[in-house]
Each structure stands twice: as structure tokens, then as C-alpha cells.
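Observations on chain architecture
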Amino acid sequence: VSEEALVALIAGLVAVAPSALGESPPHAFDASVAQRTWTIDDGLPQTSVTAIAADSQGFLWLATQGGVVRFDGRFFTDVPLFDGGGFTSPRFTALAIGPDDSVWIGNEAQGLARWKDGRIRERYALSESRRCPVKGLAFSADGDLLVAASWAGIFRFGRDGSHSRLLLDATV
């Protein structure tokens, strides 16, 4: 796949992502909204937030270089990904909320997992031969998950449980 095709694919994903999620275009900043900074003292596992996603219940999910948390507007709740979840690296890089409100979580070294109802339901290693950082997650208009992974390309995870590699270029 050519570099132009990759750029066109990414531009298309960015262009359709808000409308595919039913979101309206962004509006001007509202200065009346209160602003606050949260830190480790407030319950963040680490202050380098790498991804944020919102579920249908209004919870924010935050990926950090020290773990994943769910935020209800006041309190952070740790998502236990290390106890039986198969992750040894605490560095999480990407999040996406599925149509069923499951949370898809990308890791810098150990692939992808789907969190639903308080536990990991599936886990995927995107490369058998080397560390494979997940760089981005997005849902297509038809509800399939698209995964961008360093050194392994772009993958499509279908709602029917199928998955395939769409892009094999090792320079991604």
C-alpha cells in the first residue's frame, strides 16, 4: 500500500469519526466551564494521559503510562488489568468505546484487550515476533474496530469476531 493510500485512509477515518459516533462538530470554547487539573494525588495512576474516551453512561476512561482508570467526574477507579489480565507493561496508549459500551484498550508492548462488565473478555497479540505498540483505535461506520499498530500495520476487528490485517507496510 502506498503512502498516499495510507494518508487517505487516515484522513478518511478522522473525517468520519465524529459523525460515525453521532457527535456534532466541535463548538467554540465555553469560558464558563470550570477547569481543574488532576494528579496522582487525586487518583490518576500516572500523569501522562495518552488517551481519553467517553462511554454512553458519561464515564471518562483514561489511559496513562501507569494504567487505565474510569473517571465519574469526582473519583478515579482503577481498572485492574494486571491481575489475570495478561498485561505486564503499565503503558497504555489507546482507548475506544465499542457500540456495546465495551472498552478497547491498546498497550505499548502487549497488544489489545476488550474490557466489559468488569473484566477482560478478549486479548489480542498483534505480532508474535516483537513488541507491537498500539498507536490508535477507531470504529468504522459499520461498527468494526480499526487498530493502528507500529510494525504490524492496520487491523480490522469485525463485530462477528473476525479479524484481519489491512495494511502490511512495516513502516507504519
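Everything in this summary refers to the structure shown in the same document. (Residues numbered from 1 in each chain as written. Predicted model: local features only at pLDDT ≥ 70, side-chain atom pairs only at ≥ 80, totals over all residues. Heavy atoms only, no water.)

Comments concerning the pattern of salt bridges
Scanning the entire structure with this criterion turns up six salt bridges. Of the charged contacts, one joins R114 and E122 as a salt bridge, the two residues approaching to 2.5 Å between their closest N and O atoms. Assessed through its relative accessible area of 28%, E122 is described here as partly exposed. Notably, a salt bridge pairs D144 with R156, separated by 3.0 Å at the nearest N-O pair. With D144 in the loop between β9 (134-139) and β10 (145-149) and R156 in strand β11 (residues 153-157), this pair connects stretches of sequence that are twelve residues apart. Judged by relative accessible area, D144 falls into the buried class, the value being 11%. Via salt bridges that share partners, D100, R114 and E122 belong to a single interconnected network. (Salt bridge = Lys/Arg side-chain N within 4 Å of Asp/Glu carboxyl O. Buried < 20%, exposed > 50% of the residue type's maximum accessible area, 1.4 Å probe, protein only. Helix = DSSP H or I, 4+ residues; strand = E, 2+ residues; numbered from the N terminus.)

Structural notes on the nonpolar core
Within soluble globular proteins, side chains that are nonpolar tend to cluster in buried spots. Core analysis: the biggest nonpolar cluster contains 17 residues, and W61, V68, L81, L95, I105 and W115 have the highest contact counts within it. When residues of this core are traced back to their parent elements, those giving at least two are β1 (49-54), β2 (60-64), β5 (92-97), β6 (103-107) and β7 (112-116). It is β5 that provides the largest number of residues to this core, a total of three residues. Once you skip the residues sitting within four places of it in the chain, L95 turns out to touch A51, I52, A53, W61, L62, A63, V68, V103, W104, I105 and L137. Counting 16 residues, the second largest nonpolar core, distinct from the first, contains W104, Y124, L145 and V147. (Core = buried A, V, L, I, M, F, W, Y, C linked by side-chain atoms within 4.5 Å. Contact = heavy atoms within 4.5 Å.)

Considerations on a nonpolar patch on the surface
A cluster of nonpolar residues, V49, I52 and L60, forms a patch on the protein surface that exposes about 240 Å² of accessible area. Within the secondary structure layout, V49 lies in strand β1. (Patch = residues over 30% accessible without salt bridge, like charges linked within 9 Å, V, L, I, M, F, W, Y side chains within 5 Å. Areas by Shrake-Rupley, 256 points an atom, 1.4 Å probe, with all protein chains shown as cover.)

A short note on the sheet that holds β1
Pairing between sheet strands relies on hydrogen bonds along the backbone, with the strands arranged either parallel or antiparallel. Across the sheet, which stays open at both edges, the four strands sit in the order β1-β2-β3-β4 with antiparallel pairing between neighbours. The sheet is open, and its two edges are formed by β1 and β4 (76-79), each paired on a single side. When strand polarity is set aside, the average angle formed by the axes of neighbouring strands in this sheet is 25°. Sheet analysis places β1 next to β2, joined by five bridges and oriented antiparallel. Among the inter-strand pairings, I52 is bridged to a residue of β2, identified as L62. (Pairing = 2+ DSSP bridges. Axes fitted to C-alpha atoms, helices over the stretch in contact; angles between N-to-C directions.)

Here we look at the pairing of β10
Counting buried residues in β10 gives four out of five residues, a clear majority hidden from the surface. Direction of pairing for β9 relative to β10: antiparallel, over a ladder of five bridges. Residue pairing for β10: L137 is matched across the bridge by V147. Between β9 and β10, which pair antiparallel one after the other, the connecting turn spans five residues, and G143 there sits at a positive phi close to 90°. Relative to β11, β10 runs antiparallel, the two sharing five bridges. Following the sheet pairing, A148 is matched in β11 by I154. What sits between the antiparallel neighbours β10 and β11 is a turn of three residues, in which W151 has the positive phi angle 70°.

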